[in-house]
Amino acid sequence: MTWVIVFCALAAAALVALAVCAWPVWREGWALTRQLGRASEAFGEAMEPLGDALEKLGAEQPSSHRR
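As the structure is a computational prediction, the values presented were derived from the model and not from experiment.

Trainee: When you look at the overall build of the protein chain in this model, what are you seeing that I'm missing?
Mentor: Within the protein chain one finds 1 helix and 0 strands. For 67 residues, the compact-globule estimate of 2.2 N^0.38 gives 11 Å, and the protein chain exceeds it by more than 25% at 28 Å. Principal-axis analysis of the C-alpha atoms gives the protein chain an extent of 85 × 30 × 10 Å. Here the protein chain holds 67 residues, and the buried ones make up 0% of them. Within the structure as shown, the protein chain displays about 6500 Å² of accessible surface, and the carbon and sulfur contribution to it stands at 69%.

Trainee: I would appreciate a short explanation of a negative patch on the surface in the present structure.
Mentor: Judged by side-chain charge, Glu-41, Glu-45, Glu-48, Asp-52 and Glu-55 come together as a negatively charged surface patch. Mapping Asp-52 onto the fold places it in helix 1 (residues 2-60).

Trainee: Teacher, can you tell me more about a nonpolar patch on the surface here?
Mentor: A surface patch of nonpolar side chains, about 480 Å² in accessible area, is lined by Phe-43, Met-47, Leu-50, Leu-54 and Leu-57. What makes Leu-57 partly exposed here is its relative accessible area of 40%.

Trainee: Can you walk me through helix 1 in this structure?
Mentor: Within an α-helix, residues lying three or four positions from one another point in the same direction, as the helix has 3.6 residues per turn. For helix 1, which comprises 59 residues, the first-to-last C-alpha distance of 85 Å matches the rise-based estimate of 87 Å (1.5 Å per residue) to within 8%. Where helix 1 bends most, the angle comes to about 30°, and this point is Ala-22, followed within four residues by the proline Pro-24.

About the thresholds
Residues numbered from 1 in each chain as written. Predicted model: local features only at pLDDT ≥ 70, side-chain atom pairs only at ≥ 80, totals over all residues. Heavy atoms only, no water. Helix = DSSP H or I, 4+ residues; strand = E, 2+ residues; numbered from the N terminus. Rg over C-alpha atoms; globule rule 2.2 N^0.38 Å. Buried < 20%, exposed > 50% of the residue type's maximum accessible area, 1.4 Å probe, protein only. Areas by Shrake-Rupley, 256 points an atom, 1.4 Å probe, with all protein chains shown as cover. Patch = residues over 30% accessible without salt bridge, like charges linked within 9 Å, V, L, I, M, F, W, Y side chains within 5 Å. Salt bridge = Lys/Arg side-chain N within 4 Å of Asp/Glu carboxyl O. Lys, Arg positive; Asp, Glu negative; His and termini not counted. Charge placed at Lys NZ, Arg CZ, Asp CG, Glu CD. Expected span 1.5 Å × (residues − 1). Bend = angle between axes of the 7 residues up to and from the residue.

Below, the structure is given as structure tokens:
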């Protein structure tokens, strides 16, 4: 019966250790996800003028597709 108590205590300690190690990783991963979202929004906003300029440039120059 003693080994059951020891096994349960070791299992509980392992779960606590796992939680202690995983919590900072979870928080940093969540922060990274939020930061990537903000970066993608900023990138999209920065690409709008470039896309407009490329469309304008493409409309001004004639197409030179050879077949």
